[in-house]
Amino acid sequence: MTPDFSKYADGLIPVIIQDVDTLEVLMLGFMNEEAYNKTQAEGKVTFYSRSKQRLWTKGETSGNFLLVKEILLDCDQDTLLIKAVPQGPTCHTGDISCFGKANDTFSLQQLEKVIIDRKNNPLEKSYTASLFAKGINKIAQKVGEEAVEIVIEAKDNNKDLFLGEAADLMFHYLVLLQAKGFTLQDVIRVLESRHNK
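Below is a summary of the structure that appears in this document. None of the values given here were measured: they were computed from a predicted structure.

## Thoughts on the packing of aromatic side chains
(1) Moving on: Applying the stated criterion to the full structure yields three aromatic pairs.
(2) Moving on: Taking the centre distance of 5.9 Å and the plane angle of 55° together, the rings of Phe5 and Tyr36 count as tilted. You can see Phe5 sitting in the segment before β1 (13-19) and its partner Tyr36 sitting in helix α1 (residues 33-42), a full 31 residues away along the chain.
(3) Moving on: In this structure, Lys44 is placed above the aromatic ring of Phe65, and the distance from its NZ or CZ to the ring centre is 4.0 Å.

## Considering helix α5 (residues 159-179)
(1) Moving on: Compared with the 30 Å implied by 1.5 Å per residue over 21 residues, the 30 Å span of α5 between its first and last C-alpha is a close match.
(2) Moving on: Among the residues of α5, Glu165, Phe171, His172, Leu174, Val175, Leu176, Leu177 and Gln178 are the ones counted as buried.
(3) Moving on: Where α5 is buried, its residues touch α2 (108-120), α3 (127-134), α4 (136-154) and α6 (184-195).
(4) Moving on: Sitting at the amino-terminal end of α5 is Asn158, which places a side-chain oxygen 3.2 Å from the backbone nitrogen of Asp160.
(5) Moving on: Gly181 occupies a position one or two residues after α5 and carries a positive phi of about 85°.

## Quick look at the pairing of β1
(1) Moving on: The buried fraction of β1 amounts to six of the seven residues, a majority that puts the element mostly inside the structure.
(2) Moving on: Taking the residues between adjacent antiparallel strands as the criterion, β1 and strand β2 (residues 25-31) are bridged by five residues, where Leu23 takes a positive phi near 65°.
(3) Moving on: Bridge analysis of β1 against strand β6 (residues 80-86) gives five bridges, and the strand direction is parallel. Within β6, the position partnered with Ile17 by the bridge is Ile82.

## Side note on the nonpolar core
(1) Moving on: Residues Val15, Ile17, Met31, Val45, Phe47, Leu66 and Ile82 are the most contacted members of the largest nonpolar core, which totals 18 residues.
(2) Moving on: Of all hydrophobic cores here, the second largest spans twelve residues; its members include Leu111, Ile139, Phe171 and Leu174.

## Here we look at the packing of α3 against α5
(1) Moving on: At a closest axis distance of 11 Å, the pairing of α3 and α5 adopts a crossing angle of 45°. Of the possible angle classes, the one that applies to α3 and α5 is oblique. Of the two possible hands of crossing, α3 and α5 adopt the one that is right-handed. Across from Tyr127, Thr128, Leu131 and Phe132 in α3, the residues of α5 making contact are Phe171, His172, Val175, Gln178 and Ala179.
(2) Moving on: Class assignment for the residues of the contact of α3 with α5 results in six nonpolar, three polar and no charged.

## Focus: the pattern of salt bridges
(1) Moving on: This structure, assessed with the given rule, holds seven salt bridges.
(2) Moving on: Across the pair Lys142 and Glu146 runs a salt bridge, and its minimum N-O distance is 3.6 Å. With Lys142 and Glu146 both in helix α4 and four residues apart, the pair spans about one turn of that helix.
(3) Moving on: Residue Glu146 is classed as buried on the basis of its relative accessible area of 4%.
(4) Moving on: Each member of the salt-bridge network shares a partner with another, and the members are Lys142, Glu145 and Glu146.

What counts and what doesn't
Residues numbered from 1 in each chain as written. Predicted model: local features only at pLDDT ≥ 70, side-chain atom pairs only at ≥ 80, totals over all residues. Heavy atoms only, no water. Phe/Tyr/Trp six-rings, centres within 6.5 Å; stacked < 30°, edge-to-face > 60°. Helix = DSSP H or I, 4+ residues; strand = E, 2+ residues; numbered from the N terminus. Lys NZ or Arg CZ within 6 Å of the ring centre and 35° of its normal. Expected span 1.5 Å × (residues − 1). Buried < 20%, exposed > 50% of the residue type's maximum accessible area, 1.4 Å probe, protein only. Contact = heavy atoms within 4.5 Å. Polar contact = N/O pair within 3.5 Å; in protein donor to acceptor, adjacent residues only side chain to side chain. Pairing = 2+ DSSP bridges. Core = buried A, V, L, I, M, F, W, Y, C linked by side-chain atoms within 4.5 Å. Axes fitted to C-alpha atoms, helices over the stretch in contact; angles between N-to-C directions. Parallel < 35°, antiparallel > 145°, perpendicular 65-115°, else oblique. Left-handed = near helix turned anticlockwise from the far one by under 90°. Nonpolar A, V, L, I, M, F, W, Y, C, P; charged D, E, K, R; others polar. Salt bridge = Lys/Arg side-chain N within 4 Å of Asp/Glu carboxyl O.

Below, the structure written as structure tokens:
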């Protein structure tokens with residue numbers, strides 16, 4: 001199916017942009033057929049700016065491009081959902097989303113971004129950075145220790161201790177994924193492929 005740009009007098013259809021990993025809604029814009037074709041050809045989200053009356057590639061001045069991963073068309077063929085990888089803040093205010101704090105809820109993807117930052121920009125007193133400095137063997141050992149501890153707590157009825165160990169295991173597992181060069185999304189893709197079989 002292709003978008004029906006003739007449904008609206010101005011030839012523009014609404015486009016919702018969503019972070020492909022976190023599923024956070026980043027912004028809303030409009031495309032005409034030319035903007036849609038350019039977006040498909042170049043892999044960067046291009047809108048039609050109603051205020052500038054011209055095509056406008058998000059990030060053309062800031063460098064904060066939206067790299068297209070998937071384009072979905074709604075059932076009426078007059079609205080697009082684009083799943084993208086943001087190359088920095090999406091909003092001109094510096095927020096990741098144009099909807100501000102409305103979408104600012106904690107997620108594993110946000111935690112993963114912090115872990116990536118500690119790996120790439122280690123801080124002297126950062127526990128996470130210290131794990132990366134010790135290397136893959138120490139990180140793997142720590143995941144093993146946390147796995148044993150959650151098994152032990154699972155045999156008891158202390159909710160707080162069990163959830164604390166579950167959180168420790170999840171955190172160290174995310175660090176291990178990064179140390180191996182993988183992301184949580186890589187694991188989700190494997191689970192998704194198994195779910196579809």
